[in-house]
Amino acid sequence: MIPTIARIVQAALTPRQGAKKPVSVKDLATIRQALLSCIEDCISLPAQRLRLKIDNAKTPQELWMLRNDAYQLISQRHNQSIAAERINDLIRAFEGSLERKQLVKIR
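Predicted model, so just to flag it, every value in this text is computed and none were measured. (Residues numbered from 1 in each chain as written. Predicted model: local features only at pLDDT ≥ 70, side-chain atom pairs only at ≥ 80, totals over all residues. Heavy atoms only, no water.)

Caption draft 1: Representation of the overall build of the protein. Summing up its helical and strand segments, the protein has 7 helices and 0 strands in all. When the helices and strands of the protein are placed in sequence order, the string is α-α-α-α-α-α-α. The burial tally for the protein puts 33% of its 107 residues in the buried class. Counting only contacts in the protein whose residues sit at least 6 apart along the sequence, the fraction spanning at least 24 positions is 59%. Taken as a whole, the protein presents about 7600 Å² of accessible surface, with 55% of it coming from carbon and sulfur. (Helix = DSSP H or I, 4+ residues; strand = E, 2+ residues; numbered from the N terminus. Buried < 20%, exposed > 50% of the residue type's maximum accessible area, 1.4 Å probe, protein only. Contact = heavy atoms within 4.5 Å. Areas by Shrake-Rupley, 256 points an atom, 1.4 Å probe, with all protein chains shown as cover.)

Structure representation (structure tokens):
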């Protein structure tokens, strides 16, 4: 029983791997700009709504969750392979801000 409790406590106190540092305002702005750049040529009303959501996002996690919306817009404007390429290129902007296991490419 004691070894089990010790493992649980140790796991809770061990820092998570992947996210290297707290996210600064500059880091968040860089991520936000990368996401905005990937939908730059999308001009529809849903694209305008997404830009507003991107501007209002407060964390890298919120921005990461918006990439599906970006993928949909880019797919409609171009095609799925271009959308996947653009979204996968965003991973570099998120590195260090999210855990590595979250940074999964679209296939």
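Caption draft 2: Local environment of the environment of S24. Mapping S24 onto the fold places it in the loop between α1 (2-13) and α2 (25-38). Relative accessible area serves as the criterion here: at 32%, S24 is assigned to the partly exposed category. Sequence spacing of S24 and S97 is 73 residues, and the spatial spacing of their C-alpha atoms is 9.4 Å.

Caption draft 3: Up close: the environment of I54. The residue I54 is located in helix α3 (residues 45-56) in this model. Judged by its relative accessible area of 0%, I54 is buried. Sequence spacing of I54 and I31 is 23 residues, and the spatial spacing of their C-alpha atoms is 9.7 Å. Here I54 is in contact with R32, L35, L36, I39, L63 and L66, once residues within four sequence places are set aside.

Caption draft 4: Seen up close, the packing of α2 against α3. Contact pair α2 / α3: the axes reach a minimum separation of 10 Å and the direction vectors enclose 170 degrees. In this view, α2 runs roughly antiparallel relative to α3, as classed from their interaxial angle. Across the interface between the two elements, R32, L35 and L36 from α2 touch R51, I54 and D55 from α3. (Axes fitted to C-alpha atoms, helices over the stretch in contact; angles between N-to-C directions. Parallel < 35°, antiparallel > 145°, perpendicular 65-115°, else oblique.)

Caption draft 5: Molecular detail of the pattern of salt bridges. Evaluated as defined, the whole model comprises 3 salt bridges. With a shortest N-O distance of 3.0 Å, D41 and R86 are connected by a salt bridge. Within this pair, whereas D41 is found in the loop between α2 and α3, its partner R86 is found in helix α6 (residues 80-89), the two being separated by 45 residues in sequence. On the basis of relative accessibility, which here comes to 25%, the residue D41 falls in the partly exposed class. Given a relative accessible area of 23%, R86 falls into the partly exposed group. Notably, a salt bridge pairs R92 with D89, separated by 3.3 Å at the nearest N-O pair. (Salt bridge = Lys/Arg side-chain N within 4 Å of Asp/Glu carboxyl O.)

That's the geometry; what it means functionally is another story.
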